[in-house]
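# Coordinate analysis (summary)
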There are 2 protein chains.
Amino acid sequence: MKKGLTITYDEYMLKFKGLIKSLGLNNSVQREYVLKILFDCDNHLSAEDIAKKVKDVHNINIGIATVYRILALLEELNIIKGISIDGFESKVYELNLTSHHDHMVCVECGKIVEFYDAEVEKIQELVAIENGFKLQSHNMMLYGICKDCQEHE
Amino acid sequence: MKKGLTITYDEYMLKFKGLIKSLGLNNSVQREYVLKILFDCDNHLSAEDIAKKVKDVHNINIGIATVYRILALLEELNIIKGISIDGFESKVYELNLTSHHDHMVCVECGKIVEFYDAEVEKIQELVAIENGFKLQSHNMMLYGICKDCQEHE
DNA sequence: TTCCCTGCAAAGGATTTGCATACAA
DNA sequence: TTGTATGCAAATCCTTTGCAGGGAA
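The rules behind the values
Residues numbered from 1 in each chain as written. Chains lettered and ligands numbered in written order. Predicted model: local features only at pLDDT ≥ 70, side-chain atom pairs only at ≥ 80, totals over all residues. Heavy atoms only, no water. Near = heavy atom within 4 Å. Polar contact = N/O pair within 3.5 Å; in protein donor to acceptor, adjacent residues only side chain to side chain. Helix = DSSP H or I, 4+ residues; strand = E, 2+ residues; numbered from the N terminus. Nonpolar A, V, L, I, M, F, W, Y, C, P; charged D, E, K, R; others polar. Buried < 20%, exposed > 50% of the residue type's maximum accessible area, 1.4 Å probe, protein only. Contact = heavy atoms within 4.5 Å. Domains from an automatic or database assignment. Buried area = accessible area lost by both parts, 1.4 Å probe. Salt bridge = Lys/Arg side-chain N within 4 Å of Asp/Glu carboxyl O.

## Quick notes on the protein's contact with DNA strand C
Residues in contact with DNA strand C amount to 20 residues; listed here are only the nearest, S28, R31, N61 and T66 of chain A together with Y68 of chain B. In DNA strand C, the atoms that sit within 4 Å of the protein are 78% sugar and phosphate, with bases accounting for the remainder. Measuring from a phosphate oxygen of DNA strand C, one finds a backbone N or O atom of N61 of chain A at 2.8 Å. Interatomic distance of 2.9 Å between a backbone N/O atom of G63 of chain A and a phosphate oxygen of DNA strand C. Of all the elements in the fold, those that place two or more residues in the surface near DNA strand C are α2 (29–40) and α4 (64–76) of chain A together with α4 (64–76) of chain B. By residue number, the principal contributor to the surface near DNA strand C is α4 of chain A, which donates four residues. The residue inventory of the surface near DNA strand C, partitioned by class, reads six nonpolar, nine polar and five charged.

What follows is the structure, encoded as structure tokens:
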């Protein structure tokens, strides 16, 4: 079971299949495997990463276009979240399983640390209200040098 | 004089030329005009926007590759800052004249509002320390619907 | 049978690079 | 003169799209 979660892969997948069906869409091994890779992996993965892992782990072929289409669908359904990181060529994706959080990235080694701060969330809401905005989402990235990389310098 | 500033364009440009020379680089009308466009403009501009404005306003030709090269140089020198916005195809740039601030973007019309919150800055520093990071920079984007677009719905 | 989904290859769009020429000092 | 900067075109890289074939229900 994925760390910190109370849902198993089977339960999760069953829920997903139900959602897909309820939208009048079809299930497919490609969709299932992309989701499984993201479920099993604790890192943030790019479309290429996912394609490679699906091929390696599940020993099937999958076109990169299919991966992008599946990622777009999953993001649309709010099942995954894509994040853009300065200095990274491509977007990376993570499951929306755990509650909302932001990211801190090491500019040396690319390590990604997740964090959450209730105060920041509150302030963002205030800033939006002050400016007459109806807040929909936000994206906060901190960039710095992690402990390991500081020591190696 | 640019809003909220105590430096004129001439002073600013003089300083820039000095910096360029001190680095052993050459001055050029292209560099001067790109900087002038950013100095005069209150919006955030893409490389294409800048190329177009330089051509229109100053009636010279400028290759898009040159614009990108100049923007990279200016960003390297910390004179400008490029920001990536979800849903925008290309990076946009702004002068680093005013103090640090973050951005809130309307997902309907693309309007960009700048804001600053000392509390957020403080918290970011704390989060970094807690995780052993040496903080270098951050990027915080709020996405929502601005007052105008809410009314038009 | 009827859509939906996939793989492949081609297309797109932003940005970068190679190279010959033009320019600044 | 000498190295730097530019413009053009070609090349990259990530992502999207068109299309014909394969698959689910």
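So much for the structure itself; the text now carries on.
## So, the environment of L35 of chain A
Residues and elements named next belong to chain A. Note on placement: L35 falls in helix α2. Taking relative accessible area as the criterion, L35 reaches 0% and is therefore assigned buried. Not counting chain neighbours up to four residues away, the residues in contact with L35 comprise Y12, M13, F16, L74, I79 and L95.

## A closer look at the domain arrangement of chain A
Residue and element names in this part refer to chain A. Taken as a whole, chain A is organised into domain 1 (1–98) and domain 2 (99–153). The distance between the C-alpha centroids of domain 1 and domain 2 comes to 23 Å. Contact residues are listed per partner, giving nine residues for domain 1 and 10 residues for domain 2. In this assembly, domain 1 packs against domain 2 so that about 840 Å² is buried in total across both faces, 59% of it on carbon and sulfur atoms. Joining domain 1 to domain 2, the criterion identifies zero salt bridges. Considered class by class, the residues forming the side of domain 1 that touches domain 2 number four nonpolar, three polar and two charged.

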